[in-house]
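# Structural description and commentary
Residue strings, one per chain:
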Amino acid sequence: MIHESFKEKGQRQQLVNSLANEKGITDKNVLDAINTVPRHLFMLKGLEHFAYIDKAYQIGSGQTISQPYTVAFQTQLLEIKKGDKVLEIGTGSGYQTAILIEVGAKVFTIERQKDLYTKTKSFLPKLGYNPQMFFGDGYAGKPTYGPYDKILITAGAPEIPEALIEQLKPGGCIVVPLGVDSQIMTRATKQPDGSLLTETFGNFAFVPMLKGTANDL
Ligand code: SAH
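Residues numbered from 1 in each chain as written. Predicted model: local features only at pLDDT ≥ 70, side-chain atom pairs only at ≥ 80, totals over all residues. Heavy atoms only, no water.

### So, the overall build of the protein chain
On a plain count of helices and strands, the protein chain comes out with six helices and nine strands. Radius of gyration (C-alpha) of the protein chain: 16 Å, near the 17 Å computed for a compact globule of 217 residues. For the C-alpha atoms alone, the extent of the protein chain along its principal axes is close to 50 × 40 × 35 Å. The buried share among the 217 residues of the protein chain stands at 50%. Expressed as a percentage of contacts within the protein chain between residues at least 6 apart in sequence, the contacts between residues at least 24 apart total 52%. Carbon and sulfur atoms make up 54% of the accessible area of the protein chain, which totals about 10,200 Å². (Helix = DSSP H or I, 4+ residues; strand = E, 2+ residues; numbered from the N terminus. Rg over C-alpha atoms; globule rule 2.2 N^0.38 Å. Buried < 20%, exposed > 50% of the residue type's maximum accessible area, 1.4 Å probe, protein only. Contact = heavy atoms within 4.5 Å. Areas by Shrake-Rupley, 256 points an atom, 1.4 Å probe, with all protein chains shown as cover.)

Structure below.
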């Protein structure tokens, strides 16, 4: 059972209106998903009232829940079709994961921070979201369940990891913020010959995609 008041529904609708009218998000399925997922439940205690402000917030372990605009923009770039198999790198709070499920994806998601993985693994099913969740290093992907129709990286990556390109279906795309200090949103589509066709979509700011796994706070 999702707990929310008319106030939260109203704030969420306002956020969706601003994403559509001021920030250029056009995909109706993406806007509907943002309007459905209760972002306030993904926030740390005490920060819930900021949930429908278009900003990133701390979620613990030095990580952040991405800004709604960024989540909407990346989801829109993926052009999800119902039933698409999507590999997400960087589960974090699970907010982006829930949005992917709402637009019809079958989601496989990897998180390298043990505490976030554990928390989100028990939290998402309570809202009725049941992705396959893994603790591990997203640089290696998850070959067992691949290949994937789409891959999404939700952390700033220095380059597109080779293993992820291998796990992408021909015709599929990977959406990744590329760069170390700041990132350029990039969509790379795998061609039939295995090469990548790359498009760029402007500057964004992400926490870094790190190697290995971490058990610390
Ligand atoms: N999309 C999520 C989290 C965004 S922050 C949300 O909106 O809540 C990026 C996340 O990527 C962090 O949780 C971070 O721990 C994770 N991450 C960074 N490098 C990773 C890697 N190599 N493998 C898996 N997860 C990684």
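### Overview of the environment of Lys-81
Relative to the helices and strands, Lys-81 resides in the loop between helix H3 (68-78) and strand S3 (85-89). For Lys-81, a relative accessible area of 55% puts it in the exposed group. A C-alpha to C-alpha distance of 9.4 Å links Lys-81 and Asp-149, two positions 68 residues apart in sequence. For Lys-81, the contacting residues outside a window of four places in its chain are Gly-104 and Lys-150.

### Considering the site of the ligand
Lining the immediate environment of the ligand, one finds 25 residues, of which Ser-93, Glu-111, Asp-137, Gly-138 and Leu-210 sit closest. A distance of 3.4 Å separates a nitrogen atom of the ligand from a polar atom in the backbone of Gly-90. Separating a nitrogen atom of the ligand from a backbone N or O atom of Leu-210 is a distance of 2.6 Å. Breaking the shell around the ligand down by element, the ones donating at least two residues are strand S2 (63-65) and strand S4 (106-111). It is S2 that provides the largest number of residues to the shell around the ligand, a total of three residues. Considering only residue class, the shell around the ligand consists of ten nonpolar, twelve polar and three charged. (Near = heavy atom within 4 Å. Polar contact = N/O pair within 3.5 Å; in protein donor to acceptor, adjacent residues only side chain to side chain. Nonpolar A, V, L, I, M, F, W, Y, C, P; charged D, E, K, R; others polar.)

### Focus on the packing of helix H2 (residues 28-36) against helix H4 (residues 95-102)
Taken N-terminus to C-terminus, the directions of H2 and H4 make an angle of 125 degrees; their axes are 9 Å apart at the nearest point. What the angle tells us is that H2 and H4 run oblique. Handedness of the crossing formed by H2 with H4: right-handed. Between H2 and H4, the residues in contact are Ala-33, Ile-34 and Thr-36 and Tyr-95, Ile-99 and Glu-102, respectively. (Axes fitted to C-alpha atoms, helices over the stretch in contact; angles between N-to-C directions. Parallel < 35°, antiparallel > 145°, perpendicular 65-115°, else oblique. Left-handed = near helix turned anticlockwise from the far one by under 90°.)

### Some words on the sheet that holds strand S8 (residues 183-190)
Pairing is mixed across the open sheet formed by seven strands, whose spatial order is S5-S4-S3-S6-S7-S8-S9. Here the strands that pair on one side only, and so sit at the sheet edges, are strand S5 (132-135) and strand S9 (196-204). Strand-to-strand twist across the sheet, computed as the mean angle between neighbouring axes with direction ignored, equals 15 degrees. Bridging between strand S6 (residues 148-153) and strand S7 (residues 168-178) involves four bridges; their strand directions are parallel. Bridging from a neighbouring strand, Tyr-148 pairs with Leu-168 of S7. Running over the sheet, H3 touches S6, S7, S8 and S9 and is turned about 160 degrees from S7. (Pairing = 2+ DSSP bridges.)

### Comments concerning the packing of aromatic side chains
The geometry of two aromatic rings is summed up by the distance between their centres and the angle between their planes. Going through the model one piece at a time under the given rule, you end up with eleven aromatic pairs. With a centroid separation of 5.3 Å and an interplanar angle of 35 degrees, the aromatic rings of Phe-73 and Phe-204 are classed as tilted. Remark: Phe-204 occurs in strand S9 and Phe-73 occurs in helix H3; sequence separation between them is 131 residues. Both rings, one in Tyr-117 and one in Phe-135, keep their centres 5.8 Å apart while their planes meet at 40 degrees; by these two values the pair is tilted. Here Phe-135 lies in strand S5 and Tyr-117 lies in helix H5 (residues 114-123), a separation of 18 residues in the sequence. You can call Phe-135 partly exposed: its relative accessible area is 27%. Joined through ring pairs, the aromatic side chains of Tyr-69, Phe-73, Phe-201 and Phe-204 make up one cluster. Above the plane of the ring of Phe-135 lies Lys-114, whose end atom (NZ or CZ) is 4.9 Å from the centre. The ring centre of Tyr-139 lies 4.7 Å from the NZ or CZ of Lys-211, which sits over that ring. (Phe/Tyr/Trp six-rings, centres within 6.5 Å; stacked < 30°, edge-to-face > 60°. Lys NZ or Arg CZ within 6 Å of the ring centre and 35° of its normal.)

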